[in-house]
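# Structure at a glance
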Amino acid sequence: MSNRLSSDPAVVRQILIVEDEPIIRNTLAEFLSSEGYQVTKAVSVEEGISRAREKDFHLAICDIQLPDGDGIKLMRLMHKINPSVFVLIITAYGTVESAVEAFKAGAFDYLTKPVIFEDLANKLRRVFEYRDLYLENQKLRRELAQPNRFDQIVGSSEPLRVLQETIGKIAATHSNVLLVGETGTGKELFARAIHSAGPMRDEKFLAVNCGTRPIELLEAELFGSEAGGKTQPGILRTAGGGTVFLDEIASLPMGTQTKLLRAIEYQESMPSGGAETYTVSCRIITSTSEDLLRLVGDGNFEEDLFYRLDGVKIRIPPLRERLDDIPELVDHFVAKHSRALRKRVVSASSETIRLLMSAQWKGNVRQLDNAIERAVIMCDGTQIEPGDLPPDLLGLGQPLPDTDDLRSALRHYERLHITRVLRQWPDKREAAKRLKLGLSSLYRKIEELSIEL
Ligand SMILES: Nc1ncnc2c1ncn2[C@@H]1O[C@H](COP(=O)(O)OP(=O)(O)OP(=O)(O)O)[C@@H](O)[C@H]1O
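Residues numbered from 1 in each chain as written. Predicted model: local features only at pLDDT ≥ 70, side-chain atom pairs only at ≥ 80, totals over all residues.

Per an unreviewed UniProt entry, the chain carries the name Two-component system, NtrC family, response regulator and comes from Planctomicrobium piriforme.

Okay, the nonpolar core next. The biggest cluster of nonpolar side chains holds 35 residues, and the ones touching the most others in it are L179, F190, I194, L236, V244 and I285. If we ignore the near neighbours within four places in the chain, the residues touching L236 are L222, F223, V244, A263, S269, V280 and C282. I17, L32, L88 and F108 belong to the second largest nonpolar core, which has 31 residues in total. (Core = buried A, V, L, I, M, F, W, Y, C linked by C-beta atoms within 7 Å. Buried ≥ 20, exposed ≤ 12 C-beta atoms within 10 Å, placed from the backbone. Contact = placed C-beta atoms within 7 Å.)

Here the focus is the site of the ligand. What surrounds the ligand is a group of 17 residues, the closest being V154, G186, K187, E188 and V365. Residue assignment for the shell around the ligand shows that the elements contributing at least two residues are helix 7 (187–197) and helix 15 (364–378). In the shell around the ligand, the residues fall into four nonpolar, eight polar and five charged. For the shell around the ligand, the two domains that each supply at least three residues are domain 2 (158–315) and domain 3 (320–394). (Near = placed C-beta within 6 Å. Helix = DSSP H or I, 4+ residues; strand = E, 2+ residues; numbered from the N terminus. Nonpolar A, V, L, I, M, F, W, Y, C, P; charged D, E, K, R; others polar. Domains from an automatic or database assignment.)

Of all residues in the chain, 93% attain a pLDDT of 70 or more, and the chain-wide mean is 87. When the criterion is pLDDT under 50, residues 1–10 qualifies, and its contacts beyond four places in sequence or with other chains add up to 18 contacts. Reported confidence for the predicted complex is 0.98 by ipTM and 0.61 by pTM. (pLDDT = per-residue confidence, 0-100.)

Another aspect to go through is the sheet that holds strand 3 (residues 59–63). Sheet architecture is open: five strands sit in the order 2-1-3-6-7, paired in parallel fashion. Each having just a single partner strand, strand 2 (38–42) and strand 7 (109–112) make up the two edges of the open sheet. Here the average twist between neighbouring strands, direction ignored, is 20 degrees. Inspection of the sheet shows strand 1 (residues 14–18) paired to strand 3 by four bridges, in the parallel sense. Bridge assignment links I15 to a residue of strand 3, and that residue is L59. The strands touched by helix 4 (residues 96–104) are strand 6 (86–91) and strand 7; relative to strand 6, the strand with the most contacts, the crossing angle is about 170 degrees. (Pairing = 2+ DSSP bridges. Axes fitted to C-alpha atoms, helices over the stretch in contact; angles between N-to-C directions.)

So this is what it looks like as structure tokens:
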């Protein structure tokens, strides 16, 4: 039997034995160690308590009679230190009353002296099975009680889980944040999630793409303007205590960057053409798909602003680093587009999902969204099949080699074809089978054609 926690295979189950009789204490410890448990020994209530303070035990086996008190008192104290510890009480043979008392006080089970090892092993198996179920159940209850704060964000891959955790922590503050990620990874979605989970969630969320407006319009939109008898408040003021999301911050002209730095550093700004400053109290979330440090090096990004923004930076991983999210995202987008297009498509076949998981996704989640929209349009039945997907998705629409030489063209095609199959079937044995090649021939082709895996 492996005595590792099922919920976390890296953690060995920790048992504390509190028993003053050396023979029982040592033989129990030896037996439990041989069963794969990590054992700590103590001889009294006092020592038991101090061990419990040092380590989170999963189970404690306590003698009912200890030199400085009884096992039940010890159990109560231990439950105060670590409420999730399970306790087995060892009672003298035939003392039913103390066993009943132990149960009443919260013991999981009891053992009678002399301890029969087979009996003990069975009880431990039961305790740990129950404990795992109990903890799992508690976790589920907690999750149900606290609805997903990021329910717009689809996916449960490990990188996304870690990201959501980070975002949850940062959202709770009012700090400015820089989101870095390739196009279409969901930077705006995450910015909205930070706002919605933050203390100012009832205030405004205002977004501006810094790359899509002429500089004068952009400055007026951001900081306000009082020129020409017309007053424009500017979103840094309009947002109040809410959030302003500045998308593609690298497109901000240098002069505007300086103005933004001032607004962040001094929490005040002035409208163009105006004479009075106003207070900036919003959270500013910026995003970029570019390497800002390189831009600083090239003299195209204000160094001080870079260090200001880089302080609280979150990297959004590209979709190819979290392929496990694809099935959930596909379900989400199929439902969305089916509803909008009034189609009766409900899912994608497993073959389609496999193909989608082998594509490159340079345009990330946005590209997947668009691919599924097209597939829903093309689909005649209720399930998306590979033929409904955009043909260029798997490299089939890649340009032909710019040579008329048949041998080079064949080599080019061979390379594309093997790359596609390997993406779809990363297990080389399976890929070789599909290609109808021997495994060693496949390795040779990978080498000869310089296929990057
Ligand atoms: N995890 C996700 N779950 C659901 N939808 C997502 C997810 N990630 C991205 N999307 C969707 O993908 C699309 C692109 O996301 P978004 O606009 O937030 O990306 P972006 O990184 O800001 O892109 P750009 O850099 O091009 O501005 C949006 O429709 C968004 O709702």
